[in-house]
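# Inside the fold
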Amino acid sequence: MPTKRSKKESLRRAALEYHSRGRKGKIEVTSTKPCVTQRDLSLAYTPGVAAPCLAIEKDPATVREYTAKGNLVAVVSDGTAVLGLGNIGALASKPVMEGKGVLFKRFADIDVFDIELDLNDPDEIIRTVKAMEPTFGGINLEDIKAPQCFYIEEKLKELMNIPVFHDDQHGTAIISGAALLNAVEVVGKDIAKIKVVFSGAGAAGIACANFYLSLGVQLENVLMVDSKGVLWEGRGDEDKNPYKKKYFRKTEARELGDAMKGADVFCGVSTKDVLKPEMVKTMADKPLIFAMANPDPEITYEAAKRARPDCIMATGRSDYPNQVNNVLGFPFIFRGALDVQATAINEEMKRAAARALADLAKEEVPDSVKRAYDDANLSFGPDYIIPKPFDPRVLTWEAVAVAKAAMDTGVAQKPVDIDEYREQLIGKLDWSRETMRKVFSLAQRDPKRIVFPEGTHPKIIWAASEIVTEGIARPILLGRREEILRKFDELHHDPEGIEIVEPKTWPHREDYIRNYYKLRQRKGVTLEQARLDMKNFNYFGAMMVMKGHADGMVGGVGQNYPDILRPALQVIGPRAGGKLVAGLYILIHQNRIYCLADCAVNVEPTAAELAEIAVLSAAEMEQLHLVPRIAMLSFANFGSVRCGSTDKVAAAVEIIRKELPHVVVDGPVQAGVALDPEMMREHFPFSDLKEQPNLLIFPDLDAGNISLRLLERFSSAHSIGPIIMGMERPVHLVIREAEVNAIVNLTAIACVDAQNVARRLANIDSALNYST
């Protein structure tokens, strides 16, 4: 397996490639209105833009009606306390701030401008941010060092009439506060009586302590430890930091080890390994250990559990239970605040957010979330005291709670009907967004052997390294060992965990030739031709899959589709009893997933073949834990035009309904109409498509492939595929010059498909054994 060092280097290279490929960085500004014709331009800018300007001048409240202010947040940093990097400066902090913007958009559909300020004077930062109030609906302060961050936030909250929130302080406090509420309930302790030790007295540490007090922890039960030891009266620096001052205590404790004796809770926001196992052993019964330093906690999960098996442990890491992740907070807090036009994010709103998260953790966890985290037993208890970061229900629970608290405390300028607001948010949820996360989780359970015929291609080498690092498959690269290893060295990737097969010296080569000859001898293939074909790595890779020496094949990064698909069809062929094979693409657009078929194989399918394509596609989606809703596309809607093409689609719909009575399907329907639920309800209320479809079936290959390429070219959509459906064993194609992440994603899908093939074959063997 790859070493920790090689994994770190692989991650570094992948991150640099991710940020630099295509359009640089992670964000762009796109127009939400058409801006094509002269009339469009005259409305967007002069002279038409004067109308909303004058309306806003007359009534400032209309600014949210005519501009993006109401959904726009500034992520502001001076770069003095970035992640675990420290004071790297405003310029170097920009990738982090762009990333924060991506999270706002991804989790709560909030737009962001990142603002990096090259300023050293806190008052100058305050003046600059205050001057930007007309532009933004909220301010998210980020990665500003203590104690300046406290002063800056305090002053901005006094001066501004929009929400101001320093996530480094309050984010960790709110999420860990939710964990605290549930943890004390699980262990049966009274929050007013627990003794809490804080390790770290910076922005997050002080904010956590303040927030815990607001939840019911008593000040006299708190000890705080900084880099100099316990904050004790008489230490001599009590008056240096006004924000720390109230946590200086009359106590004999001087070091962290002293403070930990008899403690019920450890809250760590400091550095790795400061909490020793011997300290943990001195804690009270059923201790709560929140070791939240990133990326390495104050004590490892394993060490804490060995020292105190009765502890409840939370960290900032995703590979252990109870991850305290700020993404559970800021997107949804701002979502609720913006939607009621709150003038501030007050303490009541923060507590409402924490209590909403705590309450959600007690609800039954949906199967989709359990699958995403590969944990069928996920339920409230010691290992699940806060929701998972990718639980889509967090949006509706937390944003609603924050909005309600804003209204209850009088800071909401635009009150809403809470029930209606909740329904609006539910309508925004798209559970399919976690599909690739689920696929990776499934693949990691049982990584399969996936062969890559283009083993010397630089992108395949890079992808193979990523695949091993992620643990989603066991890659097999075809080619000369010396050449492949040389390229690994040139590209600075680690070949550990990757199998290299030289077809020329493969011990099963002669067996492949004989089997291929027997398979194709009545299709014009001579023994000599069989020998020549086995020199083609696409044929060789297909034979590896057919003979069970590999579980699936992925290729195409440097070839045309037919060059790799034809050998697969000739050697592996369609599934027994199958009628055809077809190509399915997964398209990711604006955080939603759509499946498109057939975009790769069948040129002019009949009605029966079109139905078979839809049936195969629906089965593939269900394997990926997506619920298919099928729109059978055409140029006309529901019989408005009768011709051979529309009649074919209509006939296919009837076949699908008979074969898949549990699946929603309708058509023929235009793509624009199918994807607009309001238009469907207004004009075609009889249609079975009550929700937006996620599986789009095209009437022929021209329509499918052209539509896919236009979507890729003219939008921000990203595609994965084609996934070749209907094969006896998984063979999937990537487009020529596909990006590394596309190869990795398709490999994960191939692995999951191979797992399903293995189960199907095992069931057949079991049935045969039972019958005999």
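The coordinates are above.
Report on the accompanying structure. This is a predicted model, so every value here is computed, not measured. (Residues numbered from 1 in each chain as written. Predicted model: local features only at pLDDT ≥ 70, side-chain atom pairs only at ≥ 80, totals over all residues. Heavy atoms only, no water.)

### Observations regarding the overall build of the protein
Heads up, the condition is: Only DSSP runs of H or I with at least four residues qualify as helices, and only runs of E with at least two residues qualify as strands; both kinds are numbered from the N terminus onward. A radius of gyration in this sense is built from C-alpha atoms; the matching globule rule multiplies 2.2 Å by the number of residues raised to 0.38. Residues are treated as being in contact if the distance between any of their heavy atoms lies within 4.5 Å.
Per the secondary structure count, the protein includes 30 helices and 21 strands. A compact globule built from 772 residues would reach a C-alpha radius of gyration of about 28 Å, and the protein, at 29 Å, matches this within 12%. Each principal axis of the C-alpha atoms in the protein carries an extent, and together these give about 95 × 65 × 50 Å. Taking all contacts inside the protein whose residues are at least 6 apart in sequence as the whole, residues at least 24 apart take part in 71%.

### Comments concerning the packing of aromatic side chains
What counts, and what does not: Side-chain rings of Phe, Tyr and Trp (the six-membered ring for Trp) are treated as a pair once their centres are within 6.5 Å; stacked means planes under 30 degrees apart, edge-to-face means over 60, and tilted covers the remaining angles. Buried residues are those whose accessible area, probed at 1.4 Å on protein chains only, stays under 20% of the maximum for their type, while exposed residues exceed 50% and partly exposed ones sit between those limits.
Following the criterion strictly, the structure yields 14 aromatic pairs and no others. Geometrically, the ring pair formed by Phe-198 and Tyr-212 is tilted, given 5.4 Å between the ring centres and 50° between the ring planes. With Phe-198 in strand β5 (residues 196–199) and Tyr-212 in helix α9 (residues 203–215), this pair connects stretches of sequence that are 14 residues apart. As far as the burial class goes, Phe-198 and Tyr-212 line up, both buried. Feature note: the residues Phe-104, Phe-165, Phe-330 and Phe-334 constitute an aromatic cluster, connected by ring pairs.

### Quick word on the sheet that holds strand β2 (residues 111–116)
In any sheet, the strands associate via hydrogen bonds between backbone groups, in a parallel or an antiparallel arrangement. The line we're drawing: For two strands to count as paired, DSSP must find a minimum of two bridges between them. Orientation is described by axes fitted as lines to C-alpha atoms, over the contacting stretch for helices, and by angles from 0 to 180 degrees between their N-to-C directions.
Strands sit in the order β2-β1-β3-β4 across an open sheet of four strands; the sheet is parallel. This sheet does not close on itself; its edge strands, each paired only once, are β2 and β4 (164–166). When the angles between neighbouring strand axes are averaged without regard to direction, this sheet yields 20°. Summarising the sheet, strand β1 (residues 72–77) and strand β3 (residues 138–141) pair through four bridges and their orientation is parallel. The residue of β3 that forms the bridge with Val-76 is Leu-141. The sheet strands contacting helix α5 (residues 94–108) are β1, β2 and β3, and the helix crosses β2 at an angle near 165°. Sheet strands touched by helix α7 (residues 148–159): β3 and β4. Its angle to β4, the strand with the most contacts, is close to 170°.

### What to know about a negative patch on the surface
In plain terms, the rule: Candidates for patches are residues over 30% relative accessible area with no salt bridge; among them, like charges are joined within 9 Å and nonpolar side chains (Val, Leu, Ile, Met, Phe, Trp, Tyr) within 5 Å. For accessible areas, the Shrake-Rupley method is used with a probe of radius 1.4 Å. Any residue's cover is judged against the shown protein chains and nothing else. Salt bridge, as applied in this entry: a Lys or Arg side-chain nitrogen positioned within 4 Å of an Asp or Glu carboxyl oxygen. Think of it this way: Lys and Arg go in the positive column, Asp and Glu in the negative one, and His and the chain ends go nowhere. A charge is said to be at NZ when it belongs to Lys, at CZ for Arg, at CG for Asp and at CD for Glu.
A surface patch of like charges, here negative, comprises Asp-359, Glu-363, Glu-364 and Asp-367. Within the secondary structure, Glu-364 sits in the loop between α14 (347–361) and α15 (367–372).

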